[in-house]
Amino acid sequence: MQSHPDSPRSCTVCKKHPAVERYIRGQMDEILCANCLDRMAVQDAIEDKTIYLYELATGGQSDEALACLDAIWEANRHRDRDGWLARSVAWTREFILYQAGRYTEALQASDAVAQHGFENVTYRWSHGSAKAHTLQALGRHREALEVFEEAFSHQDPTYASGIRYYLPRLVELSKNLGQPVDEKWRRVAEAAAEEYAVDMPVRDSLEESMLALAEMTRELPSKREREWRRKQGGEAGRDAP
């Protein structure tokens, strides 16, 4: 980071506050306000250690991973203006504890994640799925399904492209209880099919249809991606001689 004598009046990221400093990282080169600068700093602090934390957690060194995570938090908490770092630390703590087989503690960490809120419904779905994994490990399969279904019940058309990733999870959790997927989820699956501009697969059961849909849309572009491609194609056409 370095000062920039020709800073614009407004932050180039949030467009709201006065810019104070230039930020360069990878392909990002922006003039940021104090708020956005702090956000980038805390994001860098944990992302720089992500691979290391993962290696510790999956390598049986959970105490070392937790100590590293605590150090990141203590060194950067004063810059966590919007709670992003607190949420990220809570998510990572849950992962580390789960990997260590410390499932009761992982559930406590999961509850802490929820207390920090979710940026959008996909984070809620991911949280529900992770907590369900922990409950499964404890043999609490009915609770696992209930937790995931509650999270997945929060739907937002803006994030319909993410539905397909969670359909197999819904099937798995239902099967663990020896019961079919509830018909109430058909409408959600159909929203995913619409997002990828395909017909809902017709199979012998809703479970099979969901799994087929997840597979057939794996390489397909979402509605947003298709619209972006059309826009790019249109602009290229206008630029052609």
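Data block above holds the structure.
This is a predicted model, so every value here is computed, not measured.

What's the story with the overall build of the chain in this structure? I'm lost.
Counting its regular elements, the chain contains 11 helices and 2 strands. Taken from the N to the C terminus, the helices and strands of the chain come in the order β-β-α-α-α-α-α-α-α-α-α-α-α. Judged by the C-alpha coordinates and their principal axes, the chain covers about 65 × 60 × 30 Å. Looking at the chain as a whole, 38% of its 241 residues qualify as buried. Of the contacts formed within the chain by residues at least 6 apart in sequence, a portion of 50% connects residues at least 24 apart.

Help me understand the packing of aromatic side chains, please; the structure alone is not making it clear to me.
Centre-to-centre distance and the angle between the planes together describe a pair of aromatic rings. Enumeration according to the criterion identifies 8 aromatic pairs in this entry. The interplanar angle of 25 degrees and the centroid separation of 6.3 Å between the aromatic rings of F148 and Y166 together place this pair among those described as stacked. Here F148 is found in helix α7 (residues 141-152), whereas its partner Y166 is found in helix α8 (residues 163-176), with 18 residues between them in sequence. By relative accessible area, which is 0% here, F148 ends up buried. Geometrically, the ring pair formed by F152 and Y166 is tilted, given 6.1 Å between the ring centres and 45 degrees between the ring planes. On the criterion of sequence distance, the pair formed by F152 in helix α7 and Y166 in helix α8 is long-range, its members being 14 residues apart. Under the relative-accessibility criterion, F152 is labelled buried at 0%. In this structure an aromatic cluster arises from ring pairing among W125, F148, F152, Y166 and W185.

Just to check I follow, could you spell out the pattern of salt bridges for this structure?
A complete count under the given rule lists 16 salt bridges for this structure. Here R22 ties to D29 by a salt bridge, and the two come within 2.5 Å at their closest N and O atoms. A relative accessible area of 37% means that D29 is categorised as partly exposed. The partner of R102 in a salt bridge is D63, with the nearest N and O atoms 3.3 Å apart. Of the two residues, R102 is situated in the loop between α4 (84-99) and α5 (103-115) and D63 in helix α3 (residues 62-76); the sequence distance between them amounts to 39 residues. The class of D63 is exposed, set by a relative accessible area of 55%.

Any chance you could explain the environment of E215 here in plain terms?
Take E215: it is sitting in helix α10 (residues 206-216). Take E215: its relative accessible area is 47%, and that puts it in the partly exposed class.

What am I meant to see in α8 here?
Along an α-helix, residues three or four apart share an orientation, since each turn contains 3.6 residues. The end-to-end C-alpha distance of α8, which contains 14 residues, comes to 21 Å, matching closely the 20 Å that a straight helix rising 1.5 Å per residue would cover. If you check which residues of α8 are buried, you get I163, R164, Y166, L167, R169, L170, V171, L173 and S174. The secondary structure elements touched by the buried residues of α8 are α6 (121-137), α7, α9 (186-195) and α10. Immediately beyond the C-terminal end of α8, within one or two residues, lies G178, with a positive phi of roughly 70 degrees.

Please clarify how the side chain of D44 should be interpreted in this entry.
The topology assignment puts D44 in helix α1 (residues 34-47). Take D44: its relative accessible area is 11%, and that puts it in the buried class. There is a polar contact of 2.7 Å between the side chain of D44 and the side chain of Y23. The contacts of D44, once residues within four sequence positions are left out, are Y23 and R25.

Criteria and cut-off values
Residues numbered from 1 in each chain as written. Predicted model: local features only at pLDDT ≥ 70, side-chain atom pairs only at ≥ 80, totals over all residues. Heavy atoms only, no water. Helix = DSSP H or I, 4+ residues; strand = E, 2+ residues; numbered from the N terminus. Buried < 20%, exposed > 50% of the residue type's maximum accessible area, 1.4 Å probe, protein only. Contact = heavy atoms within 4.5 Å. Phe/Tyr/Trp six-rings, centres within 6.5 Å; stacked < 30°, edge-to-face > 60°. Salt bridge = Lys/Arg side-chain N within 4 Å of Asp/Glu carboxyl O. Expected span 1.5 Å × (residues − 1). Polar contact = N/O pair within 3.5 Å; in protein donor to acceptor, adjacent residues only side chain to side chain.

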